[in-house]
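These are the residues of each chain, in order.
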Amino acid sequence: MLTSAAEPLLSVARLESGYGKIRVLHGVDLSIAAGEVVALLGPNGAGKTTLLRTVSGLLPVNAGDVRFDGRDFTKIMPREATRAGLVHVIEGHRVFTQLSVTDNLLLAGYDLPRAERAGRVEEALSFFPEIAVKRNERGGALSGGQQQMLTVAQGLVRRPRLLMLDEPSAGLSPVLVDRVLNVIGQLKQRGTAVILVEQLLEKALAAADRVYALVQGQIALEAPTSESDLPKRLERAYFGHESHALEAS
Amino acid sequence: MLSSIIASGLAAGAVYALVGVTYNTMFSTSRVMSFTAGQLAMLGGVFGSMFTLKLGFPIWAGFLLTLALCAILGVITEFIAVRPVLKSLEQHLYVLSTLAVALMIQQVAAIKWGTEPQPFPHLVNLGSGVWDEKFWLPVAACAITILALEYLYRRTLVGRAFLAIAEDNFAARALGLPERNLRIASYALAGIIGGIAGFSGGQLLLAFFANGALLNFYGFVPVALGGLGNNRGAIIGGLALGLFQQAANFLVGGIFSSVAVFTLFIVVLLAAPQGVFGGATARRV
Amino acid sequence: MTAVTASLPERTEAATWRAALTNALPFLGILALALLLPLVGNDYWALIGTRMAIYWVLVSGLNLIVGFAGHLAIGYVALLTLGAYATSVLVAGNVMPAIPAFAALPIAAVVGAIFGVVVGLPALRLRTFYFAMSTLGFATIVTQIALAWQSVTGGGVGIAGPVFPAPFDTAWGFYFLCIGFATFTTWLTANVARSRFGRALIAVRDAEVAAEATGISKPKMLIAIFLLAGGCAAVAGGLFATLQTYITPDAFTFDLSVLFFIAILIGGRGSILGPLLGTMILTILPEIAAPLAEWSTFLYALLLLLIVLVMPGGIAALLDFRNRRPLASNRAIVPRPGALADIVRRSKGGRALSLRGVSLSFGNVKAIDGLDLDVAPGQIHGLIGPNGSGKTTTLNVISGYYAAKAGSMTLGGDPLPAGQPSLRATRGIARTFQTPRIIGEASVLQNVMIGGTVEGKASFVEALLALPRNRQDERMFAAKARSLLAVVGLENLADVRIDRLQHSELRFIEIARALMLDPDFLLLDEPAAGLSVDEIDRLGELIKAIAARGVGVLLVEHHADLIFDICNHITVLNLGRTLAAGTPTEIRVHKEVVSAYLGG
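About the criteria used
- Residues numbered from 1 in each chain as written.
- Chains lettered and ligands numbered in written order.
- Predicted model: local features only at pLDDT ≥ 70, side-chain atom pairs only at ≥ 80, totals over all residues.
- Helix = DSSP H or I, 4+ residues; strand = E, 2+ residues; numbered from the N terminus.
- Rg over C-alpha atoms; globule rule 2.2 N^0.38 Å.
- Buried ≥ 20, exposed ≤ 12 C-beta atoms within 10 Å, placed from the backbone.
- Pairing = 2+ DSSP bridges.
- Contact = placed C-beta atoms within 7 Å.
- Nonpolar A, V, L, I, M, F, W, Y, C, P; charged D, E, K, R; others polar.
- Domains from an automatic or database assignment.
- Core = buried A, V, L, I, M, F, W, Y, C linked by C-beta atoms within 7 Å.
- pLDDT = per-residue confidence, 0-100.
- Expected span 1.5 Å × (residues − 1).
- Axes fitted to C-alpha atoms, helices over the stretch in contact; angles between N-to-C directions.
- Parallel < 35°, antiparallel > 145°, perpendicular 65-115°, else oblique.
- Left-handed = near helix turned anticlockwise from the far one by under 90°.

Would you mind showing me how to read the overall build of chain B here?
For chain B, the helix and strand inventory stands at 12 helices and zero strands. In terms of overall dimensions, chain B is globule-like: its C-alpha atoms have a radius of gyration of 18 Å, near the 19 Å expected for 285 residues. Dimensions along the principal axes, computed over C-alpha positions, put chain B at roughly 55 × 45 × 40 Å. Looking at the 285 residues of chain B, the share that counts as buried comes to 54%.

Rendered as structure tokens:
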């Protein structure tokens with residue numbers, strides 16, 4: 001029921017990318033329909049962060065293409081991507097520590113018309129009352145979890161069509177993790193599509209409609225989250241073929 | 001005697017401090033220490049004298065034209081010496097490219113303007129003795145510039161965007177901030193600040209092409225002392241330097257005062273390579 | 001004859017001599033032109049030629065600081081000033097009884113050498129821009145002192161330059177004297193460049209972290225070249241004073257400093273020929289036409305800008321014809337692990353590398369929290385774990401880049417000092433890095449040779465004078481490096497510039513470099529990242545062969561299949577702590593390990 005005849009919101013085909021000479025993605029195919037929540041899983045070094053960065057324009061595309069909302073996004077810059085509705089919340093809860101919470105959000109709305117900015121900031125803060133009360137405090141005064149919420153709020157200022165979240169739960173307590181993932185549910189109701197890169201398997205499967213597993217730069221598995229034997233299949237995808245050591249012994 | 005040391009020390013120090021702020025403004029958005037800071041200040045004096053004395057424009061017109069030209073030069077520096085180098089992985093290249101541009105500016109000034117110092121006009125004609133305009137003007141200009149920068153950084157979105165890019169360039173880019181345009185704007189701003197430094201210090205230092213190299217060094221000392229990117233440290237460092245230099249001038253004479261300044265500079269740097277107020281270094285591995 | 005050496009082309013004495021001659025040819029050509037100049041030129045040309053030679057005497061030494069070590073000493077005219085005044089004062093007899101010019105030069109050289117160290121020492125502490133500024137400050141100071149110290153230097157009035165005895169008191173006589181000095185300093189600095197010291201300088205410049213791991217000590221080397229360059233500059237100063245016949249402080253302009261500096265950068269870093277040509281070009285430039293003389297410094301600066309933007313490698317890169325030849329695009333890496341036995345001596349073994357209770361925090365984050373680890377000789381120990389679990393930090397603590405706040409590290413019972421990475425190489429610990437750290441502009445062979453720097457027997461002076469022990473060293477390094485390249489399957493690329501190679505090739509070259517030390521322990525930081533499946537298999541075979549020689553291997557990796565295939569023992573880290581430790585079979589089915597990877 002998730003497949004539709006119309007073109008997907010985001011489609012990535014045969015994508016190759018990396019850092020200078022180091023090639024990380026070796027031909028990735030991926031698509032996301034409007035309003036879908038997709039989890040992107042995989043072991044470390046597989047290329048999940050690289051994939052998000054390539055899609056949003058932070059890294060150049062070496063081969064393949066990226067299409068968003070019917071437009072060719074292969075040579076996009078992050079600024080244009082954000083304007084078009086593709087918002088990337090990078091990993092590491094990187095807020096501007098010297099600026100206030102409100103200023104951090106205002107900057108997220110830099111390209112918006114001035115009259116709308118304040119309103120959008122309030123809208124974003126409404127998702128996270130915990131930081132709304134701290135709106136005049138410096139970014140550096142917030143705890144790690146609050147900073148993470150702030151970065152997600154920054155993403156929401158632009159009312160994205162597709163929100164890409166890179167490990168939003170990293171270093172967070174379980175309560176805060178649930179808070180952040182809860183927001184995803186609210187976004188889904190509003191029709192925002194989400195790509196969620198996550199380490200926490202169960203939480204990711206609970207929040208998402210579909211899951212992709214990225215291993216060593218290629219998609220090893222794609223399935224709806226409703227399937228029951230997913231954890232086993234993922235384990236096999238992560239650890240690859242049977243190791244020789246087991247056979248010999 | 002003491003009062004004239006203080007007056008000239010604060011005045012010279014204010015010019016040095018503004019050149020330090022020029023360095024910082026360029027550094028904060030590009031992580032590049034540019035050799036052109038002192039040259040921009042030199043041009044503030046040279047253009048100021050050229051427009052007002054040689055070409056006879058009214059003071060305010062000469063001032064604005066000077067700032068405009070300095071801003072343009074700042075932008076040109078970004079285009080030819082900074083942006084191409086930022087894309088490369090080689091750390092040292094920006095030192096060379098900005099050095100090259102600075103030398104070219106200096107040579108053109110020497111050839112076209114002349115190698116003799118030229119006078120700089122009185123602007124407002126207020127005060128005499130230790131309260132002479134050539135002493136209080138740089139200090140006033142410095143104070144006004146600092147207040148204006150504070151307003152920019154604290155009250156305008158553009159200013160806060162500058163701060164964001166200075167703190168975390170990658171996160172700013174990912175957020176969709178126009179990082180390239182902001183960098184160009186900050187180089188134009190640096191040009192303006194340098195121009196103000198030179199114009200307000202024109203009566204003190206005269207319109208002299210060799211001021212460029214002089215201010216490159218004396219404007220760098222406040223940055224080294226105060227820590228890279230730290231404007232408050234630059235102001236304190238600049239004023240302290242100015243006072244120290246004038247006191248040394250008085251006590252041991254002109255030639256040895258520069259030896260004294262330099263020795264102080266080296267000793268402080270070797271003891272605290274990040275500056276007295278500076279931050280920690282990045283991890284290497 | 002082993003299998004390896006039989007298949008390699010024999011590097012005979014004749015071949016080595018031919019290579020040396022090809023390298024020397026351009027220099028001999030320039031020398032021939034210099035010697036022939038009197039036949040075609042007049043006194044004016046003698047003047048230009050002499051000036052060129054004198055500048056080169058200074059630039060050849062400065063080249064080691066700027067071009068090789070990479071320290072931007074912009075204000076080096078200070079040393080020229082010092083040398084000029086020192087010789088003039090000694091010859092004039094202002095301070096002590098007058099001495100002949102030929103005796104004054106060596107004394108000035110010693111003074112220059114010492115002062116060269118003073119000017120250069122801040123380089124050890126200051127960053128690029130700061131150091132450049134400090135040399136500018138020195139230049140100003142020296143000029144000021146020359147102005148002020150009237151009793152000795154004559155102040156603003158100046159002092160007469162030294163005069164050399166016949167036949168060197170004529171224009172052409174003096175010209176030949178300067179050519180002689182220039183040839184001598186060219187020979188000296190070329191010797192350094194082609195020795196392990198020259199390579200070590202470039203290594204510190206471009207890959208400082210890797211250089212430390214190889215055992216290279218930055219301060220000692222820098223002091224050696226500061227002494228040499230200071231001496232050369234002071235001699236140049238004395239000759240300069242003779243050329244000018246009378247010197248005043250304003251003969252030593254900032255423009256001169258700029259000329260020296262830019263000549264090196266236009267010529268290209270890491271080269272002797274390039275800066276030599278650069279010096280010649282920049283000296284002649286103002287003479288070609290009168291307007292050019294006035295704009296000369298502007299042109300130098302413009303040339304510098306163009307070089308930086310268009311051709312950062314300078315003239316040397318332009319003349320590098322060998323590296324224009326295209327490389328085959330479908331290159332496969334086929335290691336020959338079997339050949340390892342003939343090259344790397346079998347480790348004595350017996351000593352284990354042990355960590356007990358090691359802890360390290362970065363700010364509030366506990367990177368490692370009470371870690372116990374043992375690496376036994378001949379065993380492959382795998383270290384795995386999710387992102388941020390502390391794997392690379394552990395390697396960095398073992399190799400000495402970070403000092404642990406608690407716990408102990410021992411090698412065979414002897415403690416390993418914390419925070420001193422350059423001492424690891426002599427203790428027999430070698431490593432590779434997460435991102436290959438190489439010297440882009442050097443050849444593959446040179447990059448590998450750097451790995452064995454600390455094994456060289458010749459001292460700096462022996463290298464300087466090209467004495468036999470240095471030649472032996474070079475033969476040994478080159479032969480061993482070639483054999484190790486054959487082991488990793490890359491011997492055909494030995495003379496190629498390394499930055500033309502693919503990422504996976506760089507990974508194998510790093511291993512060859514590490515093996516140059518015949519290490520007892522090899523630390524590998526994600527060597528399989530970016531490798532294809534075939535390459536990972538071959539990497540596994542290579543690592544097994546290395547361990548079979550008695551080397552203890554600690555392998556940090558993400559690729560689970562490689563880990564389970566070759567490791568004898570695996571430690572799994574999570575959040576800086578040991579989550580599990582055991583054999584691959586045990587770890588493979590360990591519930592907590594699986595869920596740590598999958599999350600939850």
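Here the narrative resumes.
Any chance you could explain the sheet that holds strand S4 (residues 63-68) of chain A here in plain terms?
As a general point, the strands of a sheet are linked pairwise by backbone hydrogen bonds and lie either parallel or antiparallel. The strand order across the open sheet formed by four strands is S2-S1-S4-S5 (chain A), and the pairing between neighbours is antiparallel. Both edges of this open sheet fall to strand S2 (22-32) and strand S5 (71-72) of chain A, since each of them pairs with a single strand only.

Please explain the interface of chain A and chain B as it appears in this structure.
How big an interface is tends to be stated in terms of accessible area lost as the parts join. Listed as interface residues are 19 residues of chain A and, on the opposing side, 14 residues of chain B. Secondary structure elements with two or more residues in the side of chain A that touches chain B: helix H2 (78-84) and helix H3 (101-108) of chain A. Broken down by element, the residue count for the side of chain A that touches chain B peaks at four residues, all from H3(A). Grouping the amino acids of the side of chain A that touches chain B by side-chain chemistry returns nine nonpolar, six polar and four charged.

I would appreciate a short explanation of the environment of C:Thr135 in the present structure.
Residues and elements named next belong to chain C. One can find threonine 135 in helix H6 (residues 128-148). Expressed as a C-alpha distance, the spacing of threonine 135 and lysine 220, which sit 85 residues apart in the sequence, is 20 Å. In this structure, threonine 135 is in contact with Ala73, Ile74, Gly75, Tyr76 and Val119, ignoring residues within four places of it in sequence.

It is not clear to me how the domain arrangement of chain C should be interpreted in this structure. Could you clarify?
All names here are of chain C. With domains assigned, chain C is organised as domain 1 (26-254) and domain 2 (337-438 + 518-598). Computed from C-alpha coordinates alone, the two centres of domain 1 and domain 2 are separated by 48 Å. Of the residues lining the interface, nine residues belong to domain 1; the matching set on domain 2 comes to 10 residues. The residue inventory of the side of domain 1 that touches domain 2, partitioned by class, reads five nonpolar, three polar and one charged.

Looking at this model, I keep getting lost on the nonpolar core. Mind explaining?
Soluble globular proteins: nonpolar side chains tend toward being buried together. With 278 residues, the main nonpolar core has C:Val57, C:Leu62, C:Ile225 and C:Leu304 as its most contacted residues. Per-element tally for this core: the top contributor is helix H11 (residues 218-244) of chain C, with 16 residues. If you count residues domain by domain, this core takes at least three from each of domain 1 (26-254) and domain 2 (337-438 + 518-598) of chain C. Dropping the residues within four chain positions of it, C:Leu304 is found in contact with B:Leu96, B:Ala100, C:Ile262, C:Leu265 and C:Ile266. Core analysis: the next-biggest nonpolar cluster, separate from the first, contains 84 residues, A:Phe73, A:Ile90, A:Val197 and B:Leu163 among them.

Just checking my understanding: could you explain the interface of chain C and chain B for this structure?
Facing 35 residues of chain C, the contacting portion of chain B comprises 33 residues. Those elements giving two or more residues to the side of chain C that touches chain B turn out to be H6, helix H12 (254-267) and helix H15 (296-310) of chain C. If you tally residues by element for the side of chain C that touches chain B, the top one is H6(C), at 13 residues. Counted by class, the side of chain C that touches chain B contains 25 nonpolar, eight polar and two charged residues.

Is there a simple way to think about the confidence of the model for chain B in this case?
Regions with low pLDDT carry predicted coordinates that are not meant to be interpreted in detail. Counting all residues, the mean pLDDT for chain B is 89, and 95% of those residues have values of 70 or more. Between the elements of chain B, mean pLDDT differs from a low of 82, seen in helix H12 (residues 254-271) of chain B, to a high of 95, seen in helix H8 (residues 179-200) of chain B.

What should I look at first to understand helix H23 (residues 533-548) of chain C in this one?
For an α-helix, the turn length of 3.6 residues means that residues three or four places apart are oriented alike. Residues and elements named next belong to chain C. Spanning 16 residues, H23 covers 23 Å between terminal C-alpha atoms, matching the ideal 22 Å at 1.5 Å per step. Taken together, the buried positions of H23 are Glu535, Arg538, Leu539, Gly540, Leu542, Ile543, Ile546 and Ala547. Buried residues along H23 sit in contact with helix H17 (340-343), strand S5 (380-384), helix H22 (503-515), strand S9 (521-525), strand S10 (552-556) and helix H24 (560-566). One or two positions beyond H23, positive phi appears at glycine 550, with a value near 95 degrees.

For this particular structure, what's the right way to read the sheet that holds strand S10 (residues 218-224) of chain A?
Residue and element names in this part refer to chain A. Spatially, six strands are ordered S6-S7-S8-S3-S9-S10 in an open sheet, and the strand pairing comes out mixed. Every other strand in the sheet has two partners, leaving strand S6 (86-89) and S10 as the edge strands with one partner each. Across this sheet, the average inter-strand angle for adjacent strands is 15 degrees, counted without regard to direction. In this sheet, S10 lies alongside strand S9 (residues 210-215) in antiparallel orientation, the contact comprising six bridges. Each bridged residue has a counterpart across the sheet, and for valine 215 the counterpart in S10 is glutamine 218. On the sheet, helix H6 (residues 144-156) packs against S6 and strand S7 (162-166) and is oriented at approximately 170 degrees with respect to S6.

Is there a simple way to think about the confidence of the model for chain C in this case?
All names here are of chain C. Confidence along chain C averages 89 in pLDDT terms, with 97% of residues attaining 70 or more. Of all helices and strands in chain C, the one with the weakest mean pLDDT is helix H1 (residues 3-7) (36), whereas helix H19 (residues 444-450) scores best (96). Contacts of residues 1-10 to residues separated by more than four positions or lying in other chains number 12 contacts, the stretch itself having pLDDT below 50.

Explanation requested: the pairing of S9(C) in the structure shown.
As a general feature of sheets, a regular strand has side chains that alternate between the two faces. All names here are of chain C. Among the five residues in S9, five count as buried, and that is most of the element. Here S9 shows a buried face lined by Phe521, Leu523 and Asp525 and a second buried face lined by Leu522 and Leu524. The pairing of strand S8 (residues 429-431) with S9 spans three bridges and is classified as parallel. Of the residues in S9, the one forming a bridge with arginine 431 is leucine 523. Pairing analysis gives five bridges linking S9 to S10, with the strands arranged parallel. Residue pairing for S10: aspartate 525 is matched across the bridge by valine 556.

What exactly am I supposed to notice about the packing of helix H2 (residues 36-54) of chain B against helix H3 (residues 59-86) of chain B here?
When two helices pack together, you describe them by how their axes are tilted relative to each other and by the distance separating the axes. All names here are of chain B. Contact geometry of H2 with H3 gives a least axis separation of 9 Å together with a crossing angle of 150 degrees. Classed by the angle they form, the pair H2 and H3 counts as roughly antiparallel. Taken as a pair, H2 and H3 cross one another with a handedness that is right-handed. Residue-level contacts link Thr36, Leu40, Leu43, Gly44, Phe47, Gly48, Phe51 and Thr52 of H2 to Ile59, Gly62, Phe63, Leu65, Thr66, Leu69, Cys70, Leu73, Gly74 and Thr77 of H3. Looking at side-chain class alone, the contact of H2 with H3 contains 10 nonpolar, eight polar and no charged residues.

Would you mind showing me how to read unusual backbone geometry here?
What is expected of a backbone is that most residues other than glycine have negative phi and most peptide bonds are trans. Cis peptide bonds are those with omega within 30 degrees of zero, and the linkage from C:Ala166 to C:Pro167 qualifies with 0 degrees. Mapped onto the elements, C:Pro167 comes out in the loop between strand S1 (159-160) and helix H8 (171-193). In this model, A:Arg14 sits at a positive phi of 50 degrees, which is unusual for a non-glycine residue. Mapping A:Arg14 onto the fold places it in strand S1 (residues 10-19).

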